[in-house]
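Descriptive structure summary
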Amino acid sequence: TQLLEQSPQFLSIQEGENLTVYCNSSSVFSSLQWYRQEPGEGPVLLVTVVTGGEVKKLKRLTFQFGDARKDSSLHITAAQPGDTGLYLCDRGGSNYKLTFGKGTLLTVNP
Amino acid sequence: GAGVSQSPSNKVTEKGKDVELRCDPISGHTALYWYRQSLGQGLEFLIYFQGNSAPDKSGLPSDRFSAERTGGSVSTLTIQRTQQEDSAVYLCASSRGQVQETQYFGPGTRLLVL
């Protein structure tokens, strides 16, 4: 059983569209991290959310941590081709072993 | 460059051969991690080195896998008698060593076992 379930698994959209991807679990987390992995590269940390209900913004990206700290969403406004990549969530916390979901593969077409 | 580097970037080998994958962490980072990324399994933790402490090898899938870190810097992941299911991207990351410090990933080595 995957600790973190990410959906959708694949998403292909046109430039300028909005989208939301999800990271869900039945477990409560002390924190949750989002990474983006571009083709041929390793994952890069985007944000860490810690408080239930927390919302963080990174330019056109909005991250939200669920009130119960079991789920999170990432919303991208006016997607650009440069947003293309694999979006991964990780449970964060005090364990150094990153435990990722399988990710959402996003393709933004020009 | 100042980032994590890995070599080779791609490796094709025949089933049964041994392979060595190299990771150069960011200078000054005391913690080093290996992960494996495959289509079916996502990204899995393999092994963790922290300073002079005994490594955490709990993620290594079999005794064919081993890793060393010499002089607290460069690390080598060795896979003996490779199998087709070992085909994956092997990612290395480093961090400043404190728990919850950001891990910085290298670009990975893409291993294909024929």
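That block above? That's the structure.
For the structure given in this document, a descriptive report is provided here.

Reading the values: rules and limits
Residues numbered from 1 in each chain as written. Chains lettered and ligands numbered in written order. Predicted model: local features only at pLDDT ≥ 70, side-chain atom pairs only at ≥ 80, totals over all residues. Heavy atoms only, no water. Pairing = 2+ DSSP bridges. Helix = DSSP H or I, 4+ residues; strand = E, 2+ residues; numbered from the N terminus. Contact = heavy atoms within 4.5 Å. Buried area = accessible area lost by both parts, 1.4 Å probe. Salt bridge = Lys/Arg side-chain N within 4 Å of Asp/Glu carboxyl O. Polar contact = N/O pair within 3.5 Å; in protein donor to acceptor, adjacent residues only side chain to side chain. Nonpolar A, V, L, I, M, F, W, Y, C, P; charged D, E, K, R; others polar. Axes fitted to C-alpha atoms, helices over the stretch in contact; angles between N-to-C directions. Core = buried A, V, L, I, M, F, W, Y, C linked by side-chain atoms within 4.5 Å. Buried < 20%, exposed > 50% of the residue type's maximum accessible area, 1.4 Å probe, protein only.

1. A few points about the pairing of strand S5 (residues 44-49) of chain A
Residues and elements named next belong to chain A. Inspection of the sheet shows strand S4 (residues 32-37) paired to S5 by five bridges, in the antiparallel sense. Residue leucine 32 lies in a different strand from S5, and its bridge partner there is valine 49. Adjacent in sequence and paired antiparallel, S4 and S5 are bridged by six residues, among which glycine 40 carries a positive phi angle near 80 degrees.

2. A few points about the interface of chain A and chain B
In this complex, chain A contributes 17 residues to the contact, which on the side of chain B involves 20 residues. Of the roughly 1,500 Å² buried at the junction of chain A and chain B (both faces included), carbon and sulfur atoms supply 56%. It is Tyr96, Lys97 and Leu98 of chain A that lose the most area in chain A upon contact with chain B, and together they represent 36% of the buried surface on that side. Applying the counting rule to chain A against chain B returns zero salt bridges. On the surface where chain A and chain B come into contact, there are four residue pairs in polar contact (both at pLDDT 80 or more). Residue assignment for the side of chain A that touches chain B shows that the elements contributing at least two residues are S4 and strand S9 (85-90) of chain A. Among the residues making up the side of chain A that touches chain B, the classes are represented as eight nonpolar, six polar and three charged.

3. Here we look at unusual backbone geometry
Excluding glycine, most residues fall at negative phi; most peptide bonds, likewise, are trans. The step from serine 7 of chain A to proline 8 of chain A runs through a cis peptide bond, and the omega angle for that step is -10 degrees. The topology assignment puts proline 8 of chain A in the loop between strand S1 (5-7) and strand S2 (10-14). A cis amide bond links serine 7 of chain B to the next residue, proline 8 of chain B, at an omega of -10 degrees. Along the polypeptide, proline 8 of chain B turns up in the loop between strand S1 (5-7) and strand S2 (10-13). Positive phi outside glycine occurs at lysine 59 of chain A, with the angle close to 55 degrees. As for its position among the elements, lysine 59 of chain A is in the loop between strand S6 (55-58) and strand S7 (61-65).

4. Concerning the sheet that holds S1 of chain B
Residues and elements named next belong to chain B. The four strands lie next to each other as S1-S3-S7-S6, forming an open sheet whose pairing is antiparallel. If you trace the sheet from one side to the other, it starts and ends with S1 and strand S6 (65-69), each paired once. Geometrically, the sheet is characterised by an average inter-axis angle of 15 degrees between neighbouring strands, direction not taken into account.

5. Quick word on the nonpolar core
In this structure, Leu19, Leu32, Trp34, Phe63, Leu74, Ile76 and Leu106 of chain A are the most contacted members of the largest nonpolar core, which totals 21 residues. Ignoring sequence-local partners within four residues, the contact set of leucine 32 of chain A consists of Leu4, Cys23, Val47, Thr48, Val49, Phe65, Ser72, Cys89, Asp90 and Arg91 of chain A. By size, the runner-up hydrophobic cluster in this structure holds 20 residues, among which are Val19, Ile47, Tyr90 and Val113 of chain B.

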